[in-house]
Amino acid sequence: MLEIYDRVIPSKSIPTLIALLLLVAAIYGFSSLFDALRTRILARVASLLDQFLCQRVFAVIIGASLRTRIEGDALKPAHELDQIRNFLSSPGPAALFDLPWMPIYLFICYLMHPMIGWLAIGSVLLLIFLTLMTDLFTRSRMQESSRHLAERNRFGESAHANSEVIAAMAMQEVTASRWLSAHTHYASQQRSAGDATSMLMSFSKNVRLMIQSGSLALGAYLVIIGDLTGGMIIAASILISRTLAPIEQVIANWRAMLAARQSWKHLQTVMQMFPQEQERTSLPPPCKSLALENVFVSPPASMHMMAVQNVNFRVNAGSVVGIIGPSASGKSSLVRAIASVWPLA
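Basis of the calculations
- Residues numbered from 1 in each chain as written.
- Predicted model: local features only at pLDDT ≥ 70, side-chain atom pairs only at ≥ 80, totals over all residues.
- Heavy atoms only, no water.
- Helix = DSSP H or I, 4+ residues; strand = E, 2+ residues; numbered from the N terminus.
- Rg over C-alpha atoms; globule rule 2.2 N^0.38 Å.
- Buried < 20%, exposed > 50% of the residue type's maximum accessible area, 1.4 Å probe, protein only.
- Contact = heavy atoms within 4.5 Å.
- Areas by Shrake-Rupley, 256 points an atom, 1.4 Å probe, with all protein chains shown as cover.
- Polar contact = N/O pair within 3.5 Å; in protein donor to acceptor, adjacent residues only side chain to side chain.
- Salt bridge = Lys/Arg side-chain N within 4 Å of Asp/Glu carboxyl O.
- Phe/Tyr/Trp six-rings, centres within 6.5 Å; stacked < 30°, edge-to-face > 60°.
- Expected span 1.5 Å × (residues − 1).
- Bend = angle between axes of the 7 residues up to and from the residue.
- Core = buried A, V, L, I, M, F, W, Y, C linked by side-chain atoms within 4.5 Å.
- Patch = residues over 30% accessible without salt bridge, like charges linked within 9 Å, V, L, I, M, F, W, Y side chains within 5 Å.

Take the overall build of the chain next. A tally of regular secondary structure across the chain gives 11 helices and 2 strands. For 345 residues, the compact-globule estimate of 2.2 N^0.38 gives 20 Å, and the C-alpha radius of gyration of the chain, at 32 Å, exceeds that figure by more than 25%. Overall size of the chain, expressed as C-alpha extent along the three principal axes, is 105 × 55 × 30 Å. Counting only residues that meet the buried cut, the chain has 30% of its 345 residues in that class. Intrachain contacts of the chain at a sequence separation of at least 6 include 73% that bridge at least 24 residues. Within the structure as shown, the chain displays about 22,100 Å² of accessible surface, and the carbon and sulfur contribution to it stands at 63%.

Set out below in structure tokens:
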């Protein structure tokens, strides 16, 4: 635009116009190619992360009930991994990668004219403030939305498991009312988070457009006083627009970023209970005798309560041993500990 306004129009040179058009077409062609490559790279990075965590997530799914009490959706870790993978392959990370280019654009704007540079810097600071406000207004709402979603799903699973009891006791209306209440709370929090994000996103978009128009007004003033040429007005407007575009993209993808971050934190928490298995010395299975000395066992969901206390016995191969006792005396708990299903206390 700078060359067209400052060279082509005054000289009325058609060959120069054609050369500039071909140059810009080639530049945009390379830009499209790089954008496509970046999208494909992000998709493959997301796939690699998914493959790296897939087995550990499955270990959490099949082993969580052996170490803690499961509440809500048992497949939640898999859903959270899907959410992280979908975010990594979305335009959200690309917007973060564009942020480091902002200082370069700001420097070029300052080279055009210090006033244009200060306008761009002020605009960046304003949009950063809007980004922080977006985080402030949406983080708690997203957390509340996730909590209400877990409560709704937990109640739905409980109602499904006890459907015969609900029907026999004619509790369908009461159960439906509680389900509707849980769903309404979840939908309300999700709508609140969406309203806050959309309002700030719309405001930031219009601020950027206003700043771009303001840059045209500032450029016109600098042309009037003789500090700029007419072509530099358009060039400055385009540069300021490119400077602010990454921040606007970050705000537009803020909900997805928050959801992915919450999913990652939750995955880290649950995977700490299931560290990667280290190589151990393989021991031969017991074939001559089985001995228990001072064995204590507690259920995974109630580590403070001992189901088995101070058990000692020895069984030789070929022997038959019966474990007898009243209900809830720890017979099954002891067998689970012997089979390494439950850890020893």
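Further remarks concern the side chain of His113. Relative to the helices and strands, His113 is located in the loop between α5 (102-112) and α6 (114-161). Polar contacts involving the side chain of His113 include one to the main-chain amide nitrogen of Met115, which spans 3.1 Å. Discounting chain neighbours no more than four positions away, the residues touching His113 are Leu222, Asp227 and Leu228.

Now for the pattern of salt bridges. Per the stated rule, a full pass over the model turns up 4 salt bridges. Notably, a salt bridge pairs Asp98 with Arg38, separated by 2.8 Å at the nearest N-O pair. In this pair, Asp98 sits in helix α4 (residues 91-98) while Arg38 sits in helix α2 (residues 14-63), placing the two residues 60 residues apart along the sequence. Overall, the relative accessible area of 26% leaves Arg38 in the partly exposed class.

Another aspect to go through is the packing of aromatic side chains. Applying the stated rule across the entire model yields 1 aromatic pair. The interplanar angle of 35° and the centroid separation of 6.3 Å between the aromatic rings of Phe30 and Phe34 together place this pair among those described as tilted. Within this pair, Phe30 and its partner Phe34 are both found in helix α2, separated by 4 residues, close to a single helical turn. Owing to a relative accessible area of 52%, Phe34 belongs among the exposed residues under this scheme.

The subject of this paragraph is the side chain of Ser237. Inspection of the secondary structure assignment puts Ser237 in helix α9 (residues 230-252). Taking relative accessible area as the criterion, Ser237 reaches 5% and is therefore assigned buried. Apart from residues lying up to four places away in sequence, Ser237 is in contact with Gln212, Ser215 and Leu216.

Here the focus is α6. Compared with the 70 Å implied by 1.5 Å per residue over 48 residues, the 69 Å span of α6 between its first and last C-alpha is a close match. Maximal helix bending in α6 amounts to about 30°, located at Thr138.

Positive phi outside glycine occurs at Ala170, with the angle close to 55°. Relative to the helices and strands, Ala170 is located in the loop between α7 (163-168) and α8 (172-224). With a phi close to 50°, Asn310 is a non-glycine residue in the positive phi region. With respect to the element layout, Asn310 can be found in strand β2 (residues 308-316).

With 23 residues, the main nonpolar core has Ile116 and Ile240 as its most contacted residues. Mapped onto this core, the elements with two or more residues apiece are α5, α6, α8 and α9. Take this core: its biggest share by element is 8 residues, from α9. Those residues in contact with Ile240 that lie beyond four places of it in its chain are Cys109, Ile116, Leu119, Ala120, Ile211 and Ser215. Of all hydrophobic cores here, the second largest spans 10 residues; its members include Phe87, Val250, Met257 and Ala260.

Take α8 next. Under the 1.5 Å per step criterion, the end-to-end length of α8 is 76 Å for 53 residues, consistent within 8% with the ideal 78 Å. Phi turns positive one or two residues past the end of α8, at Gly226, with a value near 90°.

Tracing the sequence through the fold places Ile128 in helix α6. The class of Ile128 is partly exposed, set by a relative accessible area of 38%. Taking the C-alpha atoms as reference points, Ile128 and Arg139, separated by 11 residues in sequence, lie 16 Å from one another.

Take a nonpolar patch on the surface next. Together, Phe30, Leu33, Phe34, Leu37, Ile41 and Val45 make up an exposed nonpolar region whose accessible area comes to about 600 Å². In this structure, Val45 sits in helix α2.

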